[in-house]
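Observations on chain architecture
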Amino acid sequence: MKTLKDFMRMKHEREKISMLTAYDYPSAKQAEAAEIDMILVGDSLGMTVLGYESTVDVTLEDMKHHARAVRRGAKDTYIVVDMPFGTIGIDESRDTALAIELYRDTNANAIKIEGAHAAPVIKKCHDIGIPVVAHLGLTPQSFGITGYQLQATSKEAAKQLIEDAKLVEKSGAIMLVLEAIPSDLAHAITETLTIPVIGIGAGVGTDGQVLVYHDVLNYGVEHKPKFVKRYGDFSTGVEALKNYHDEVKRQAFPSEEYTYKKQIMNEVDE
Ligand code: KIV
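Residues numbered from 1 in each chain as written. Predicted model: local features only at pLDDT ≥ 70, side-chain atom pairs only at ≥ 80, totals over all residues. Heavy atoms only, no water.

**Comments concerning the confidence of the model for the chain**
Rule in force here: Confidence of the prediction at every residue is given by pLDDT, a number between 0 and 100. Elements are defined by DSSP. Helices are runs of H or I of four residues or more, strands are runs of E of two residues or more, and each kind is numbered from the N terminus.
Of the residues in the chain, 100% reach a pLDDT of 70 or more, and the chain-wide mean stands at 97. Across the chain, strand β2 (residues 38-41) holds the top mean pLDDT of 99, while helix α7 (residues 143-146) sits lowest at 94.

**Some words on the nonpolar core**
Keep this limit in mind: Put simply, a nonpolar core is a bunch of buried Ala, Val, Leu, Ile, Met, Phe, Trp, Tyr and Cys residues held in one set by side-chain atoms that sit within 4.5 Å of each other. Think of it in three bands: residues with accessible area under 20% of the maximum for their type are buried, residues over 50% are exposed, and the middle band is partly exposed, with areas taken using a 1.4 Å probe on protein chains only. Two residues qualify as a contact provided that any one of their heavy atoms is within 4.5 Å of a heavy atom in the partner residue.
In terms of nonpolar packing, the biggest core is built from 72 residues, with I111 and L176 touching the most fellow members. If we ignore the near neighbours within four places in the chain, the residues touching I111 are V80, V81, M83, A99, L102, Y103, C125, I130, P131, V132 and V133.

**Overview of the domain arrangement of the chain**
Rule in force here: A domain assignment, automatic or from a database, supplies the domain bounds used here.
Once the domains are mapped, the chain shows domain 1 (4-235) and domain 2 (238-269). Here the C-alpha centre of domain 2 lies 45 Å away from the C-alpha centre of domain 1.

**Section: helix α11 (residues 237-250)**
Inclusion rule: To estimate how far a helix should reach, multiply one less than its number of residues by 1.5 Å.
The first and last C-alpha atoms of α11 sit 20 Å apart over 14 residues, in line with the 20 Å expected at 1.5 Å per residue. After α11 finishes, the residue Q251 shows a positive phi value of roughly 60 degrees.

**With respect to a positive patch on the surface**
Threshold: For patch building, the residue pool is restricted to those with more than 30% relative accessible area and no salt bridge; the joining distance is 9 Å between like charges and 5 Å between nonpolar side chains (Val, Leu, Ile, Met, Phe, Trp, Tyr). What sets the accessible areas is the Shrake-Rupley method with a 1.4 Å probe; for residues, cover comes only from the shown protein chains. One speaks of a salt bridge when a side-chain nitrogen belonging to Lys or Arg is within 4 Å of a carboxyl oxygen belonging to Asp or Glu. Think of it this way: Lys and Arg go in the positive column, Asp and Glu in the negative one, and His and the chain ends go nowhere. A charged residue contributes its charge at one atom only: NZ of Lys, CZ of Arg, CG of Asp or CD of Glu.
Judged by side-chain charge, K29, R68, R72 and K75 come together as a positively charged surface patch. Tracing the backbone shows R72 in helix α4 (residues 60-73). By relative accessible area, R72 is classed as partly exposed at 49%.

**Overview of the pattern of salt bridges**
Overall, the coordinates contain 16 salt bridges when judged by the stated rule. Note that D105 and K64 form a salt bridge whose closest N and O atoms lie 3.1 Å from each other. Taken together, the residues D105 in helix α5 (residues 92-106) and K64 in helix α4 connect sequence positions 41 residues apart. A relative accessible area of 5% means that K64 is categorised as buried. Linking K112 and D82 is a salt bridge whose minimum nitrogen-to-oxygen distance equals 2.8 Å. Of this pair, K112 sits in strand β4 (residues 110-114) while D82 sits in strand β3 (residues 78-82), and the two are 30 residues apart along the sequence.

**What to know about the environment of I189**
Of note, I189 is situated in helix α9 (residues 183-192). For I189, a relative accessible area of 3% corresponds to the buried category. In the structure, I189 is positioned 101 residues away from I88 in sequence and 24 Å away in space, judged by C-alpha atoms.

**Topic: the pairing of strand β1 (residues 17-21)**
For a regular strand, side-chain orientation follows a simple rule: the groups alternate between the two sheet faces. Under the convention used in this document: Between any two strands, at least two bridges found by DSSP are needed for them to pair. The path from the first strand over the helix to the second decides the hand: if it runs clockwise while the strands point away from the viewer, the crossover is right-handed.
Within β1, four of the five residues are buried, leaving the element largely enclosed by the surrounding structure. Across four bridges, β1 lies against strand β8 (residues 208-211) in parallel orientation. Counted as the bridge partner of L20 is L211 from β8. Examined bridge by bridge, β1 and β2 share three bridges and lie parallel to one another. Bridged to L20 within β2 is I39. The β-α-β motif built from β1, the intervening helix α2 (residues 25-33) and the parallel element β2 has right-handed crossover chirality.

**Focus: the site of the ligand**
Rule in force here: To be near a molecule or strand, a residue needs just one of its heavy atoms within 4 Å of it. Throughout this description, a polar contact denotes any pair of N or O atoms lying within 3.5 Å of each other; where both atoms belong to protein, one of them has to be capable of donating a hydrogen while the other can accept it, and for residues adjacent in sequence the pair is counted only when both atoms sit in side chains.
The environment of the ligand is formed by T21, L40, G42, D43, S44, D82, K112, H135, V177, E179, I200 and V212. A distance of 2.5 Å is found between an oxygen atom of the ligand and a side-chain nitrogen or oxygen belonging to S44. Residue K112 places a side-chain N or O atom 2.9 Å away from an oxygen atom belonging to the ligand. Starting from 260 Å² of accessible surface for the ligand in isolation, the protein chains cover 95%.

**Side note on the sheet that holds β1**
Stated formally: Axis geometry follows a simple rule: fit a line to the C-alpha atoms, using only the stretch in contact for helices, then measure angles between N-to-C directions, giving values from 0 to 180 degrees.
Here eight strands make up a closed barrel; going around it, the order is β1-β2-β3-β4-β5-β6-β7-β8 and the pairing parallel. Strand-to-strand twist of the sheet, defined as the mean angle between neighbouring strand axes without regard to direction, takes the value 25 degrees. Those strands touched by α5 are β3 and β4, and its axis lies near 145 degrees from that of β4.

**Structural notes on the packing of α4 against α5**
This is how the line gets drawn: Roughly parallel refers to an angle under 35 degrees, roughly antiparallel to one over 145, roughly perpendicular to one between 65 and 115, and oblique to any angle outside these ranges. Each crossing gets its handedness from the near helix: less than a right angle anticlockwise from the far helix is left-handed, clockwise is right-handed.
Two elements in contact, α4 and α5, have axes whose closest approach is 9 Å; the angle formed by their N-to-C orientations is 30 degrees. Between α4 and α5, the angle falls in the class roughly parallel. As α4 packs across α5, the resulting crossing turns out to be right-handed. For the pair α4 and α5, the contacting residues are L60, E61, M63, K64, A67, R68 and R71 in the first and L98, E101, L102, D105 and T106 in the second.

**Details of the side chain of T77**
Of note, T77 is situated in the loop between α4 and β3. Within polar-contact distance, the side chain of T77 engages the side chain of E32 at 2.6 Å. Setting aside anything within four residues of it in sequence, one finds T77 in contact with M1, E32, I36, D37, M38, I39, R71 and N109.

Following this line, the structure appears as structure tokens:
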């Protein structure tokens, strides 16, 4: 398994880091087989696999349930798991207790927390020994305030983001995810920080990239954000399922090939 030490080395040697979300046993197995450097059990699972409207509905129990399945599927990959909406920003001791719970119950390698307001909890976790990945720029848990559009588009907002990035690093974050910000700003922050910076919708100048499994494979998602590239097409699965349905109706399935040869009724006394 790659470790934080490897990710630091990769940053310094300018070897890009690949990160992909996974939410269950098979997607985790695929990510590991593809030698993806790091898996994120993102709270995007709310929309991709649970059919929620947004990440706001995702619970700590949801995260634990899915992260455990991912751990079973990818025993040899570094796994980061999201702290869901409502677990951070209430009270430092309570928030930290929830962070400990998620970290311990999932056997993940790190947790991820959205927003610069989480700096005190990041510090607490760091002091306790929990690796925390910070997440700035577009933080989907705050979509009610920010919307889903490009962030840090004014001079003031860009300066604030640079300050926030420095703050989370100083607080002990081991890595930073930057989402949906101008690529020159993402590059500047990447050059400023000593920790690895992973981008999504932040251009090529970060230390690595993260994408959502269902976006990459066109699997059950309707909307394609600008920054998403499709590398596969699981939407063809519907055609396969239609064929199955049709063959059952026509009794074309199961044919001889899919039927056990053994006959028993001639031995059964009626
Ligand atoms: O939940 C998620 O998938 C994420 C990524 C978009 C970074 O946080």
